[in-house]
Amino acid sequence: MSDVRPVRWGIAGFGWVARDYMAPGIEAAGGELVAIADPSATAQASAMSAGLLAHDDVEAMLAAGDIDALYVATPNNLHLAPVRAAVRAGVPVLCEKPIAATLSQAEELATCVTGHVYGTAFDQRHHPAHRAMADAIRGGAIGRAIAVRIVYACWVDPLWSPDGAGAGTCNWRSDPQSAGGGAVIDLALHGLDLAELLLGEPLDRLHIALQRRIHDYAVDDGGMLCGRTASGVLFQSHVAYNCAELLPRRRLEVLGEAGLLVATDTMGQTAGGCVTLRDGRTGAETPLAFDAELSPFTAQAAAFAAAVRHRPHDFSIDRDLRLMRLFDAAYQQALPCR
Ligand SMILES: NC(=O)c1ccc[n+]([C@@H]2O[C@H](COP(=O)([O-])OP(=O)(O)OC[C@H]3O[C@@H](n4cnc5c(N)ncnc54)[C@H](O)[C@@H]3O)[C@@H](O)[C@H]2O)c1
C-alpha cells in the first residue's frame, strides 16, 4: 500500500485496552482509526462519540472494505473468529495476547494466519525502555547475562470493569473459559516474551506454581514462574491479580556478570518509567536514556504499520506459538491452582 496516506485501522472489541491505549496509540503513530466492531451498545456509543463507524460484528466492518489493518481486542476465547475473518478479507491483523484462551485455539489461529501479515500484540516488546535495555545488553553493558527477574502485578476484583459499566457482572478475566486462566495467562506471557527480546534467545524450560489465595474466583490470582534459556540464563517472574495497586508492582531486572539493569514502572500500558544501570565493580548507578513520551502502544502501532507496508518487522507467529506451547505445558502441570 502507498506510504503517503495513513494506515486505516479497524478494531474488533472496543473495550478497555482498545479504547484507552490502542486507539490513542494508532493516532499518535500517524494511523487513522476508521471503525470498530463490538456488540456492546456502550462500546458502540463510545466509538460513535469519537467519530468512528460502529458495527455489530467484524464481518460487517470488513465488508465495508475501507480498512488496511485490524486490531483484535476481544476476550481471549474470542480472538480466533475476528482473526479468521481478517485473513478471509486479506486484511493484516494484530491480535491481543495471549494468542487465545487455549493452546488448541492458538494452534488453530497459527494455522489460519500462515502466509498472512499477522502479529501478536505483545506491546511490552515495543516499549522504548525495553528496547533500550535490549540494546544495552547486546552492547555488553552488563556482560554475560545471568538472570531476568520480574514482578508484574495488579489488583483484579471479580467484578472489575474499567468504567464501572460492568459492575455487578462477572469480569471475563475471572472466567476460565473466556480467559483460559487467571493472572498467569493474562500477565506472565508479557514477561516471557520480553525476556526473550532482552536476551536475544528463547526460553526452553519453564515451571509454574499457581495460587488462588485472596480472590474467590475460579482461576489463579497469582503465580510464580521459573525457567531458563538454552544458554543457561535464569528466568523468574511473579505475576498477580492480588497485589494492591498502591504497592510497588512493576519491576524488571536483568542481572549480568558486570552489572544490573533495573526497570521500574515500565511494564504496563503507559509511556515512561525509569531504567538504571548499576555497575558491578563500582556500584555507580546511571540512568538509561529512552523516549519517555513514547507509549508501547504507539510504538506497537508504528511497528505493525511497517508490517502492513511490507517493511522489516519482528512480528512472528512461529515465535509466539512456540512460547505459548512452552507456557501451556508448564501451566497444565501447575493446575489445579488450589
Ligand atoms: N497488551 C495489554 O497490555 C493488554 C491490556 C489489557 C487487555 N489486553 C488483552 O486485550 C483483550 C481485551 O481486553 P480488555 O481489557 O480490553 O477487555 P474488555 O472486556 O474491556 O473489552 C473487550 C471488548 O470486546 C467486546 N466483544 C466481546 N465479544 C465480541 C465479539 N464477538 N466481537 C467484537 N467485540 C466483542 C466486548 O463487548 C468488549 O467491549 C484481551 O485479550 C486481553 O488479554 C491486553
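Up top you'll find the structure we're talking about.
What counts, and where the lines are drawn
Starting from 1, residues in each chain are numbered consecutively following that chain's sequence as written. This being a predicted model, a pLDDT of at least 70 is required before a residue's local features are given, and a value of 80 or more before pairs of side-chain atoms are given or counted; all residues contribute to the totals for chains, interfaces and linings. Side-chain measures were taken over the full set of non-hydrogen atoms in the model, leaving aside hydrogen atoms and water. Residues grouped as a nonpolar core are buried Ala, Val, Leu, Ile, Met, Phe, Trp, Tyr and Cys residues, joined through side-chain atoms within 4.5 Å. The classification of residues rests on relative accessible area computed with a 1.4 Å probe and restricted to protein chains. Under 20% of the type maximum is buried, over 50% is exposed, and intermediate values are partly exposed. Boundaries between domains were set according to an automatic or database domain assignment. Following DSSP output, two strands are said to pair if at least two bridges run between them. Secondary structure is summarised from DSSP: a helix means a run of H or I of at least four residues, a strand means a run of E of at least two, and numbering begins at the N terminus for each. The axes used here are C-alpha line fits, helices contributing only the stretch in contact, and every angle between their N-to-C directions lies in the interval 0 to 180 degrees. Any angle from 65 to 115 degrees is called roughly perpendicular, while one under 35 is roughly parallel, one over 145 is roughly antiparallel, and all others are oblique. Should the near helix be turned anticlockwise from the far one by less than a right angle, the crossing is termed left-handed; should it be turned clockwise, right-handed. The contact rule is simple, with two residues in contact once any of their heavy atoms fall within 4.5 Å. In this classification, the charged set is Asp, Glu, Lys and Arg, the nonpolar set is Ala, Val, Leu, Ile, Met, Phe, Trp, Tyr, Cys and Pro, and all remaining amino acids, among them Gly, are polar. The near set for a molecule or strand comprises every residue that places at least one heavy atom within 4 Å of it. Pairs of N or O atoms within 3.5 Å make up the polar contacts considered here, provided that, within protein, one atom can donate a hydrogen while the other can accept it, and that residues adjacent in sequence are counted only when both atoms are side-chain atoms. Per-residue and other accessible areas follow the Shrake-Rupley method at a 1.4 Å probe size, with only the shown protein chains counted as cover for residues.

**Describing the nonpolar core**
- Among the nonpolar cores identified, the biggest contains 80 residues, and Leu70, Ile208 and Leu261 are the most heavily contacted of them.
- The residue makeup of this core includes at least three contributed by each of domain 1 (8–121) and domain 2 (125–294).
- Residues Phe14, Met22, Phe304 and Ala305 belong to the second largest nonpolar core, which totals 26 residues.

**As for the sheet that holds strand E10 (residues 234–240)**
- Ordered in space as E8-E9-E10-E7-E11-E12-E13-E14, the eight strands form an open sheet in which the pairing is mixed. The open sheet is flanked by strand E8 (203–211) and strand E14 (285–287), the only strands paired with a single partner. Across the sheet, the axes of successive neighbouring strands diverge by a mean angle of 15°, strand direction being ignored.
- Note: strand E7 (residues 145–153) against E10, seven bridges, orientation parallel. Its bridge partner being in E10, Arg149 is matched across the sheet by Gln236.

**As for the packing of helix H8 (residues 183–199) against helix H10 (residues 317–334)**
- Viewed as axis vectors pointing N to C, H8 and H10 meet at an angle of 130°, and their least axial separation amounts to 11 Å. Relative to H10, the element H8 is oriented oblique. The element H8 and its partner H10 pack so that their crossing is right-handed. Between H8 and H10, the contacting residues are Val184, Ile185, Ala188, Leu189, Leu192, Asp193 and Glu196 on the first element and Arg319, Asp320, Arg322, Leu323, Met324, Phe327 and Tyr331 on the second.
- Residues belonging to the contact of H8 with H10 are distributed by class as follows: nine nonpolar, no polar and five charged.

**Digging into the site of the ligand**
- In the vicinity of the ligand there are 26 residues, among which Asp38, Asn76, Asp123, Trp172 and Arg173 approach most closely.
- Between Gly13 and the ligand, the recorded distance is 3.5 Å, taken from a backbone N or O atom to a nitrogen atom.
- Between Asn76 and the ligand, the recorded distance is 2.6 Å, taken from a side-chain N or O atom to an oxygen atom.
- A total of 840 Å² of accessible area belongs to the ligand in isolation, and the protein chains cover 85% of it.

**Observations concerning the sheet that holds strand E1 (residues 8–12)**
- Taken together, the six strands give an open sheet; going across it, the order is E3-E2-E1-E4-E5-E6, and neighbouring strands pair in parallel fashion. Two strands lie at the open edges of the sheet, namely strand E3 (53–55) and strand E6 (118–121), each paired on one side alone. Across the sheet, the axes of successive neighbouring strands diverge by a mean angle of 20°, strand direction being ignored.
- As paired strands, E1 and strand E2 (residues 32–37) are joined by five bridges and run parallel to one another. Note on E2: the bridge partner recorded for Ala12 is Ala37.

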